[in-house]
Amino acid sequence: MSTQKTAIVTGAARGIGAAVAKRLADDGLAVAVLDLDADACADTVKAITDAGGKAIAVGADVADEASVNAAVEKVVAELGKPTVVVNNAGITRDNLLFKMTVDDWDAVMAVHLRGAFNVTKAAQKYMVEAEWGRIVNLSSTSALGNRGQVNYSAAKAGMQGFTKTLAIELGRFGVTANAIAPGFIETEMTAATAERVGVPFEDFKRAAASQIPVNRVGVPEDIAHTASFFISEGAGFVSGQVVYVAGGPKD
Ligand code: NAP
């Protein structure tokens, strides 16, 4: 019987999720590359399999419970029972409070919070059964407050409370839950923010880097490295933590 562990990484077609999926495959896990559109996962899956790893593409909307349950069943059937989950899928719908619509509020809550709830709930039974599991949730420095992001910052602060409660409930089953709160990471999400505020992405990154103690913006691999630590065997006594990966301290 294979001892290879199976991971689900959501929002893994691109950006941080793709880097996490590749890193976990490098670490020896079989990886379900989950995103809204299975076809969009092809590049990530190919990069993993070309490097000798094991991965499948899974299309699912994390905000939809039935879609998630079907996706997890597919993972069990085609890859193995998932004992590692990285809740990374995310969207932004930024606006100042007075201009933000209820739809923008609900969309952000649905993907980040309901999404993480759906995926974690569907996968936890396999972790409990295995008496081992690792859950990693993507928060953000925006959890500390960020102009134009009442919805996103509330969701990302919510991810931290969600993580801590998972750690308390599931610890007795050998399951850890931790959150990564990235600062500025160069992805399509931050490129879209630059476009929204009308600043060329290179200028936007330079301005961000000048405010960051290590004097650069982050790359998806910075987050993948942290996720790799959290899911490692040796990190079994680290649970309920939030690590800010932001090139400097955050409170
Ligand atoms: P990204 O490049 O926009 O990638 C996010 C991925 O999530 C996309 O492939 C997207 O698919 C997918 N997704 C969106 N809604 C989904 C849903 N309902 N079901 C399944 N997949 C869905 O974003 P990123 O920058 O890599 O961010 C990844 C995570 O890190 C997010 O949780 C984000 O909030 C967090 N984060 C990012 C930064 C940063 O600076 N980039 C900082 C702090 C935290 P589509 O392309 O089809 O929409």
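One can find the structure itself at the top, above this paragraph.
Computed from a predicted model, the values in this text were never measured in an experiment.

Thresholds, definitions, all that
- Residues numbered from 1 in each chain as written.
- Predicted model: local features only at pLDDT ≥ 70, side-chain atom pairs only at ≥ 80, totals over all residues.
- Heavy atoms only, no water.
- Axes fitted to C-alpha atoms, helices over the stretch in contact; angles between N-to-C directions.
- Helix = DSSP H or I, 4+ residues; strand = E, 2+ residues; numbered from the N terminus.
- Parallel < 35°, antiparallel > 145°, perpendicular 65-115°, else oblique.
- Left-handed = near helix turned anticlockwise from the far one by under 90°.
- Contact = heavy atoms within 4.5 Å.
- Nonpolar A, V, L, I, M, F, W, Y, C, P; charged D, E, K, R; others polar.
- Core = buried A, V, L, I, M, F, W, Y, C linked by side-chain atoms within 4.5 Å.
- Buried < 20%, exposed > 50% of the residue type's maximum accessible area, 1.4 Å probe, protein only.
- Near = heavy atom within 4 Å.
- Polar contact = N/O pair within 3.5 Å; in protein donor to acceptor, adjacent residues only side chain to side chain.
- Areas by Shrake-Rupley, 256 points an atom, 1.4 Å probe, with all protein chains shown as cover.
- Patch = residues over 30% accessible without salt bridge, like charges linked within 9 Å, V, L, I, M, F, W, Y side chains within 5 Å.
- Salt bridge = Lys/Arg side-chain N within 4 Å of Asp/Glu carboxyl O.
- Phe/Tyr/Trp six-rings, centres within 6.5 Å; stacked < 30°, edge-to-face > 60°.
- Lys NZ or Arg CZ within 6 Å of the ring centre and 35° of its normal.

### Section: the packing of helix H1 (residues 15-26) against helix H8 (residues 220-231)
Argument step 1. The N-to-C vectors of H1 and H8 enclose an angle of 45°; their axes lie 8 Å apart at closest approach. Taken together, the axes of H1 and H8 lie oblique to each other. Like other packed secondary-structure pairs, H1 and H8 cross with a definite hand, here right-handed. In contact with Gly15, Ile16, Ala19, Val20, Arg23 and Leu24 of H1, H8 contributes Pro220, Glu221, Ile223, Ala224, His225, Ala227, Ser228 and Ile231.
Argument step 2. For the contact of H1 with H8, the class distribution of residues is nine nonpolar, three polar and two charged.

### Observations concerning the nonpolar core
Argument step 1. In terms of nonpolar packing, the biggest core is built from 35 residues, with Ile8, Ala32, Leu34, Val58, Val62 and Ile135 touching the most fellow members.
Argument step 2. At the level of elements, strand E2 (30-35), strand E3 (55-59), helix H3 (65-78), helix H4 (102-130), helix H5 (150-170) and strand E6 (175-182) are the ones that each hand at least two residues to this core.
Argument step 3. Residue contacts for Val58: discarding those within four places in its chain leaves Ala32, Val33, Leu34, Asp35, Ala38, Cys41, Ala71, Lys74 and Val75.
Argument step 4. By size, the runner-up hydrophobic cluster in this structure holds 30 residues, among which are Ala12, Leu29, Trp132 and Leu138.

### A short note on the site of the ligand
Argument step 1. Neighbouring residues of the ligand: 29 residues in total, closest Arg14, Asp35, Asn88, Tyr152 and Thr187.
Argument step 2. Thr187 is positioned such that a nitrogen or oxygen atom in its side chain is 2.5 Å from an oxygen atom of the ligand.
Argument step 3. About the coverage of the ligand: the protein hides 90% of its 890 Å² of free accessible area.
Argument step 4. For the shell around the ligand, the secondary structure elements donating two or more residues are H1, H4, H5 and helix H6 (188-196).

### Considering a nonpolar patch on the surface
Argument step 1. On the surface, a cluster of nonpolar side chains totalling about 280 Å² of accessible area is made up of Leu97, Trp105 and Val150.
Argument step 2. Position of Val150 among the secondary structure elements: in helix H5.

### Side note on the pattern of salt bridges
Argument step 1. All chains considered together, the criterion is met by eleven salt bridges.
Argument step 2. The salt bridge involving Arg196 is made with Asp94; its shortest N-O contact spans 3.0 Å. One end of the pair, Arg196, is in helix H6; the other, Asp94, is in the loop between strand E4 (82-87) and H4, and 102 residues separate them in sequence.
Argument step 3. You can call Asp94 buried: its relative accessible area is 11%.
Argument step 4. Counted as one network, the salt bridges with shared partners bring together Glu186, Glu202 and Lys205.

### As for the packing of aromatic side chains
Argument step 1. For the coordinates displayed, the defined rule picks out two aromatic pairs.
Argument step 2. Where Phe184 meets Phe204, the ring centres are 5.7 Å apart and the plane angle is 55°; that geometry is what we call tilted. Linking Phe184 in the loop between E6 and H6 with Phe204 in helix H7 (residues 201-210), this pair joins segments that are 20 residues apart in sequence.
Argument step 3. For Lys5, the ring lying beneath its charged end belongs to Trp132, and the centroid distance is 4.2 Å.
Argument step 4. Sitting over the face of the ring of Phe201, Lys205 holds its NZ or CZ atom 5.0 Å from the ring centroid.

### As for the packing of H1 against helix H2 (residues 42-50)
Argument step 1. As a packed pair, H1 and H2 sit with axes 10 Å apart at the nearest point and diverge in direction by 20°. Judged by the inter-axis angle, H1 sits roughly parallel to H2. Considering the relative orientation of H1 and H2, their crossing is right-handed. Counted together, Ala18, Ala21, Lys22 and Ala25 of H1 and Thr44, Ala47 and Ile48 of H2 form the full contact between these two elements.
Argument step 2. A class-by-class count of the residues in the contact of H1 with H2 yields five nonpolar, one polar and one charged.

### Re the side chain of Thr187
Argument step 1. Mapped onto the elements, Thr187 comes out in the loop between E6 and H6.
Argument step 2. Here the side chain of Thr187 touches Met189 through a polar contact of 3.1 Å, landing on its backbone nitrogen.

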